[in-house]
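# Architecture and fold: a report
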Amino acid sequence: DWNSGNVIAEQVERIRAQVGSGRVLSALSGGVDSAVSTALVHKAVGDQLIAVFVDHGLLRKGEREQVEQDYVASTGVRLVTVDARHTFLEALAGVSDPEEKRKIIGREFIRAFERVQRELVDEAKADGEPIRFLVQGTLYPDVVESGGGAGTANIKSHHNVGGLPEDLQFELVEPLRTLFKDEVRAIGRELGLPEVIVGRQPFPGPGLGIRIVGEVTADRLEILRDADAIAREELTKAGLDAEIWQCPVVLLADVRSVGVQGDGRTYGHPIVLRPVSSEDAMTADWTRLPYDVLSRISNRITNEVREVNRVVLDVTSKPPGTIEWE
Ligand code: XMP
């Protein structure tokens, strides 16, 4: 019989037993999973925890501010922000293969943490040892889909499981490893996190990097960020957030099509809307969004984002499609 209070109590004990008096770093991404795992570890070990937010430049509009303001205000967690935008873009230059992107992003994530780790020594140790523990918001479906579960194939390297480098310098603390998303949300609410954080739709760790089909560049990120912000704004305005599991917005950066605007010919990129309904992301169906909402999103994106001249709707369930395009 599942009960969020019991799970919290049990995990708090486990975390304390694992880390003792050691210091802990947490990989905060702005998503629900890392927000809840961080809050859980914070509950267990208090200010032994330092949350680290890596701005990898693959974030959506307003995400960094949400973490720096809302999350810190609601938890009182100690937060260090790292600006790694340049490093990630450089590492991703020239790369279009999805798995390669995922591995690079996963690797750069860890490298960024290791840099912070070197700077922040363990204040509990007299000889100033580096911080050894790292929290990750890995969920059960992440473990299964990265081939960690019995008899499963590796479908995608989720950045927080399959993409870790061999020479990992951390011992991982993963308090959500046996849980599904709805359970994680229940725990977050029980821990007193605000609804804007707990109710957030899932967003992948590799961020917009795996929503640009093709090479990731600063210009392409800008286009996708603008289109994504419009789609999210319209879905929220239409009151559809609770109904949709998530709605990836994807830029087909290597595809161009001909369009017309005013008297002129355009030759722009398509944006794909991928609204899905799901219980746990293991399977999903495409969400039948109202036509008027789709129409508003399409009109606004093609009017407001100069480089986009076509908006298309993904009507594939999972399987055979995955939720993300990469
Ligand atoms: P797929 O595309 O595999 O996605 O159907 C299933 C769910 O997982 C999210 N996702 C990720 N989450 N790191 C994450 O933390 C990742 O690397 C990653 N890849 C996909 C995706 O958004 C969906 O909710």
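Source: prediction; values computed, not measured.

## Observations concerning the overall build of the protein
A count of helical and extended segments in the protein gives ten helices and twelve strands. In terms of C-alpha radius of gyration, the protein reaches 20 Å, essentially the compact-globule figure of 20 Å for 326 residues. The dimensions of the protein, computed from C-alpha atoms along their principal axes, are 70 × 45 × 45 Å. Contacts in the protein between residues at least 24 apart in sequence constitute 74% of all its contacts with a sequence separation of at least 6.

## As for the packing of helix H4 (residues 85–92) against helix H5 (residues 98–119)
Relative orientation of the contacting elements H4 and H5 amounts to 150 degrees, with a least axis distance of 10 Å. Here H5 runs roughly antiparallel to H4, going by the angle between their axes. Judged by the twist between their axes, the crossing of H4 over H5 is right-handed. When H4 is examined against H5, the residues Thr87, Phe88, Ala91 and Leu92 are found in contact with a partner set consisting of Lys101, Ile104, Ile105 and Glu108. Across the contact of H4 with H5, the residue classes tally to five nonpolar, one polar and two charged.

## Thoughts on the environment of arginine 115
Mapped onto the secondary structure, arginine 115 falls in helix H5. Sequence spacing of arginine 115 and glutamine 66 is 49 residues, and the spatial spacing of their C-alpha atoms is 24 Å.

## So, the UniProt feature "binding site: ATP" (unreviewed entry) in the protein
Mapped onto the present numbering, the UniProt feature "binding site: ATP" (unreviewed entry) falls at Ser29, Gly30, Gly31, Val32, Asp33, Ser34 and Ala35. For serine 34, the location among the structural elements is in helix H2 (residues 32–45). For serine 34, a count of 24 C-beta atoms within 10 Å translates into the label buried. Ignoring any residue separated from it by four or fewer positions in sequence, one finds serine 34 in contact with Ala27, Leu28, Ser29 and Gly137. Structurally, the position occupied by alanine 35 is in helix H2. Assessed through the 30 C-beta atoms surrounding it within 10 Å, alanine 35 is described here as buried. Apart from residues no more than four positions distant in its own chain, alanine 35 is found in contact with Leu28, Tyr71, Gly188, Leu193 and Ile197.

## Comments concerning the sheet that holds strand E4 (residues 133–135)
Sheet architecture is open: five strands sit in the order E3-E2-E1-E4-E5, paired in parallel fashion. Of all strands in the sheet, those bounded by a partner on one side alone are strand E3 (79–83) and strand E5 (171–173). On average, each strand axis in the sheet is inclined to that of its neighbour by 30 degrees, with strand direction left out of account. Strand direction decides the pairing type here: strand E2 (residues 49–55) and E3, joined by five bridges, are parallel.

## Let's talk about the domain arrangement of the protein
Accessible area lost on assembly of the parts is the figure often given for the size of an interface. As assigned here, the protein comprises domain 1 (4–198) and domain 2 (211–313). At the junction of the two partners, domain 1 supplies 13 residues and domain 2 supplies eleven residues. When the residues that make up the side of domain 1 that touches domain 2 are grouped by side-chain class, the tally is six nonpolar, three polar and four charged.

## Some remarks on helix H1 (residues 4–19)
Taking 1.5 Å of rise per residue, the 16 residues of H1 would be expected to cover 22 Å, and the 22 Å separating its terminal C-alpha atoms lies within 8% of that figure. Here the buried face of H1 lies against strand E1 (24–28), H2, E4, E5 and helix H7 (181–190). Once H1 finishes, glycine 20 follows within two positions and takes phi at roughly 55 degrees, a positive value.

## Remarks on the nonpolar core
Counting 70 residues, the largest nonpolar core has Val24, Val36, Val41 and Ala227 as its most contacted members. When residues of this core are assigned to domains, at least three fall in each of domain 1 (4–198) and domain 2 (211–313). Not counting chain neighbours up to four residues away, the residues in contact with valine 41 comprise Ile15, Val24, Ser26, Leu49, Val135, Val173 and Pro175.

## Observations concerning the pairing of strand E9 (residues 264–273)
Across three bridges, the pairing between strand E7 (residues 249–252) and E9 is antiparallel. In the strand pairing of E9, valine 250 is matched with valine 272. The sheet contact formed by strand E8 (residues 257–261) and E9 spans five bridges and is antiparallel. Bridging from a neighbouring strand, valine 258 pairs with tyrosine 267 of E9. Adjacent in sequence and paired antiparallel, E8 and E9 are bridged by two residues, among which glycine 262 carries a positive phi angle near 60 degrees.

Each value, and the rule that gives it
- Residues numbered from 1 in each chain as written.
- Predicted model: local features only at pLDDT ≥ 70, side-chain atom pairs only at ≥ 80, totals over all residues.
- Helix = DSSP H or I, 4+ residues; strand = E, 2+ residues; numbered from the N terminus.
- Rg over C-alpha atoms; globule rule 2.2 N^0.38 Å.
- Contact = placed C-beta atoms within 7 Å.
- Axes fitted to C-alpha atoms, helices over the stretch in contact; angles between N-to-C directions.
- Parallel < 35°, antiparallel > 145°, perpendicular 65-115°, else oblique.
- Left-handed = near helix turned anticlockwise from the far one by under 90°.
- Nonpolar A, V, L, I, M, F, W, Y, C, P; charged D, E, K, R; others polar.
- UniProt positions renumbered as here; feature names shortened; annotations may be inferred.
- Buried ≥ 20, exposed ≤ 12 C-beta atoms within 10 Å, placed from the backbone.
- Pairing = 2+ DSSP bridges.
- Domains from an automatic or database assignment.
- Expected span 1.5 Å × (residues − 1).
- Core = buried A, V, L, I, M, F, W, Y, C linked by C-beta atoms within 7 Å.

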